[in-house]
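Examining the three-dimensional arrangement
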Amino acid sequence: MSASYILEVLSGPLDGKTWPFEGEIVIGRDETLADACITLDRYVSRRHARLRSDTAGRLLLSDLQSRNGTRIDEHAVTGEEPLEVGAPFQVGRTVLRVTQR
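The paragraphs below set out a description of the structure included in this document. (Residues numbered from 1 in each chain as written. Predicted model: local features only at pLDDT ≥ 70, side-chain atom pairs only at ≥ 80, totals over all residues. Heavy atoms only, no water.)

1. Comments concerning the packing of aromatic side chains
- Tallied over the full model, the rule gives one aromatic pair.
- With centroids separated by 5.3 Å and ring planes inclined at 25°, the aromatic side chains of Tyr-5 and Phe-21 adopt a geometry described as stacked. A residue pair is termed long-range when its members are at least 10 positions apart, and Tyr-5 in strand E1 (residues 5–11) and Phe-21 in strand E2 (residues 18–21) qualify at 16 residues. Each member of the pair Tyr-5 and Phe-21 is classed as buried. (Phe/Tyr/Trp six-rings, centres within 6.5 Å; stacked < 30°, edge-to-face > 60°. Helix = DSSP H or I, 4+ residues; strand = E, 2+ residues; numbered from the N terminus. Buried < 20%, exposed > 50% of the residue type's maximum accessible area, 1.4 Å probe, protein only.)

2. Some thoughts on the pairing of strand E9 (residues 80–83)
- Burial of the side chains of E9 is restricted to one face: Glu-81 and Leu-83 are buried, whereas none of Glu-80 and Pro-82 on the reverse face is.
- In this structure, strand E6 (residues 59–63) lies alongside E9, joined through four bridges in antiparallel fashion. For Leu-60, the partnering residue across the bridge sits in E9 and is Pro-82. (Pairing = 2+ DSSP bridges.)

3. Some remarks on the nonpolar core
- Among the nonpolar cores identified, the biggest contains 23 residues, and Leu-7, Leu-51 and Phe-89 are the most heavily contacted of them.
- Counting only elements with at least two residues in this core, the list comes to E1, E2, strand E3 (24–28), strand E5 (49–53), E6, strand E10 (89–91) and strand E11 (94–100).
- With three residues, the top contributor of residues to this core is E1. (Core = buried A, V, L, I, M, F, W, Y, C linked by side-chain atoms within 4.5 Å.)

4. A closer look at the pattern of salt bridges
- Applying the stated criterion to the full structure yields five salt bridges.
- A salt bridge links Glu-22 to Arg-101; the shortest N-O distance between them is 3.5 Å. Taken together, the positions of Glu-22 in the loop between E2 and E3 and Arg-101 in the segment after E11 put the pair 79 residues apart, joining distant regions of the chain.
- Classification of Glu-22 as partly exposed rests on a relative accessible area of 35%.
- Look at Arg-101 and you get exposed, because its relative accessible area is 57%.
- Put simply, Asp-54 and Arg-58 hold a salt bridge, and the shortest N to O gap is 2.7 Å.
- You can call Arg-58 partly exposed: its relative accessible area is 49%. (Salt bridge = Lys/Arg side-chain N within 4 Å of Asp/Glu carboxyl O.)

5. Side note on the sheet that holds E3
- Spatially, five strands are ordered E4-E3-E5-E6-E9 in an open sheet, and the strand pairing comes out mixed. Only two strands of the sheet have a single partner each, and these edge strands are strand E4 (36–37) and E9.
- Looking at chain direction, E3 and E4 are connected through two bridges and run parallel. Directly across from Gly-28, in E4, lies its bridge partner Cys-37.

Shown next, in the form of structure tokens:
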């Protein structure tokens, strides 16, 4: 069984907003394309980034060819990169983190 996670906005227009997810969640600005919809950040692409847990239970973050990129610390995410639970990451001008339920 996959772990239950919560995606949380740490800073940005939707500060404090959360989305629960199981195996995968897509982050973006378009509610028809994204599970976690950040409509108020114009630097977030319509379909910006994806978070998923793999079979080993690790979280993997990938940028979905967004215009402004996805960052962990000051490092641009290319391909699919591991993300520690609780570690902040940035899409557009919004900082998020994942916690376990």
